[in-house]
Amino acid sequence: MTTSTQKEDVNATFGGLAKCLQHIYASLDVVAIRCALELRIPDVINNHDGPVTLAQIAHGINSSSLNVDGLSRLMSFLVHRQIFDRVHQPQSEEPLYTLNPCSKWLVQDPKTTNIAPYVMMVTNPSLRSLLANLSKCISEGGTTAMKAFGVDFWSYLSVNPRVNDIFNEGMACGTRITMDALMSNYKFDGLKGTLVDVGGGIGAAINEIVTKYPHLNGINFDLPQVISTAPTYKGVTHVGGDMFKAIPPADSIFMKSVLHDWSDNDCVRILKKCRDSISGRKGKMVIVDTILHRGEDDALEYTRVAHDLMMFSLFENGKERTEVEWKKILNDAGFYRYNIIQIPAIESIIEVYSD
Ligand SMILES: C[S@@+](CC[C@H](N)C(=O)[O-])C[C@H]1O[C@@H](n2cnc3c(N)ncnc32)[C@H](O)[C@@H]1O
């Protein structure tokens, strides 16, 4: 006869196994999301006024050799993972599918911000293959990029234009999402003159700032290989260069998601170059970056911790930082006055004063 303690042990064992299997198959989530994007399923559902049948989705995909059984099973998986919703109407056996708050982010409507380029970056086969070396980075040191490609991450991108574009588009996508939160919670109207975005990628952030605050002259500063692919924006001058050597002179600095790629020592070197750029102008720096553990029950904390592991794997000493760690690098670079502003985003704002 089985005792209640034995039953509890069996339940705990199988509960643990179920949890473990969920984690093991979690990588299929983003693969299925990419598949839905490639088939433009979120757009097909969005193009209808209400819930849609599988046949309507199939019709919207517009393929003469569509595997409807495969589509049905993909939709079942995505509904199970709460990426789409399935509703049942009275008097009908046929399930209907709708977007939910998660899949609304997958609709590729140019008028709204969507997360599709980010999915393409995360699922890019070359970028994804890097993580296969994670355990080696822990057991031997080094970065996944160095182990997989024999060069650092930025050098790899500089000679792989397609992956470079996918990475830059993915970053710009993440930036647009953060910028929506930033622009509605933070005002740049106290700044004047020139604002340089250090490591600004293809210029998505500085373009938004200058569009809303046209009294500012924007400079988008990044590596030459990134600048060469950046679109033209009104009010923004693109400048290629190396932030470890010199940052163009400006009245204020904007820097988003850059310092987490670098060691404390390198961050201090970059921050000192920022200081040189605004020296004598009493300007301020607006740093937009992750502050780890800003709230454990914050829904985005999982993403922050995941980014920390990514930064570890990609860059020599790359890391997300706690507030205490931010204070240290700012102080080491000679900045003592700063102000943290939380916004509804992965990142926070760290306003840093140069005096
Ligand atoms: C994580 S991305 C952030 C891009 C952008 N700020 C954003 O949030 O979308 C870091 C950026 O730093 C740039 N970068 C790396 N090394 C650099 C250097 N030595 N000088 C200037 N920019 C650099 C990269 O090219 C990349 O665009």
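Residues numbered from 1 in each chain as written. Predicted model: local features only at pLDDT ≥ 70, side-chain atom pairs only at ≥ 80, totals over all residues. Heavy atoms only, no water.

Q: Would you take a moment to explain the overall build of the protein chain for this structure?
A: Looking only at helices and strands, one finds 16 helices and nine strands in the protein chain. Within the protein chain, counting contacts between residues at least 6 apart in sequence, those at least 24 apart form 62% of the total. In the protein chain, 34 side chains carry a positive charge and 40 a negative one; their mean positions are 4 Å apart. (Helix = DSSP H or I, 4+ residues; strand = E, 2+ residues; numbered from the N terminus. Contact = heavy atoms within 4.5 Å. Lys, Arg positive; Asp, Glu negative; His and termini not counted. Charge placed at Lys NZ, Arg CZ, Asp CG, Glu CD.)

Q: Is there a simple way to think about helix α5 (residues 68-80) in this case?
A: One turn of an α-helix holds 3.6 residues; hence residues three or four places apart share an orientation. When the terminal C-alpha atoms of α5 are compared, their 18 Å separation across 13 residues agrees well with the 18 Å that a helix rising 1.5 Å per residue should span. Listing the buried residues of α5 in full gives L71, L74, M75, L78 and V79. Relative to the axis of α5, the buried residues are bounded by an arc of 135° and lie together on one face. Turned more than 90 degrees off the buried face of α5, the exposed positions are R73 and H80. Where α5 is buried, its residues contact α2 (27-38), α3 (41-46), α4 (54-61), β1 (84-88) and β2 (95-99). Its side-chain oxygen placed 3.2 Å from the backbone nitrogen of D69, N67 serves as the N-cap of α5. (Expected span 1.5 Å × (residues − 1). Buried < 20%, exposed > 50% of the residue type's maximum accessible area, 1.4 Å probe, protein only. Arc of directions from axis to C-beta. Polar contact = N/O pair within 3.5 Å; in protein donor to acceptor, adjacent residues only side chain to side chain.)

Q: Teacher, can you tell me more about the UniProt feature "domain: O-methyltransferase dimerisation" (unreviewed entry) in the protein chain here?
A: According to UniProt, the feature "domain: O-methyltransferase dimerisation" (unreviewed entry) maps to residues 22-109 in the numbering used here. With 49% helix and 11% strand, residues 22-109 has its two end C-alpha atoms placed 32 Å apart. (UniProt positions renumbered as here; feature names shortened; annotations may be inferred.)

Q: How should I be thinking about the pattern of salt bridges in this particular structure?
A: Under the criterion given, the structure shown has 15 salt bridges. D69 serves as the salt-bridge partner of R73, at 2.5 Å between the closest nitrogen and oxygen. Here R73 pairs with D69, and both are found in helix α5, just four residues apart, close to one helical turn. Here R73 falls in the exposed class, since its relative accessible area comes to 55%. The class of D69 is partly exposed, set by a relative accessible area of 44%. A salt bridge links K245 to D242, with the shortest nitrogen-to-oxygen separation between them at 4.0 Å. Look at D242 and you get partly exposed, because its relative accessible area is 27%. Through salt bridges that share partners, D298, E301 and R304 make up one connected network. (Salt bridge = Lys/Arg side-chain N within 4 Å of Asp/Glu carboxyl O.)

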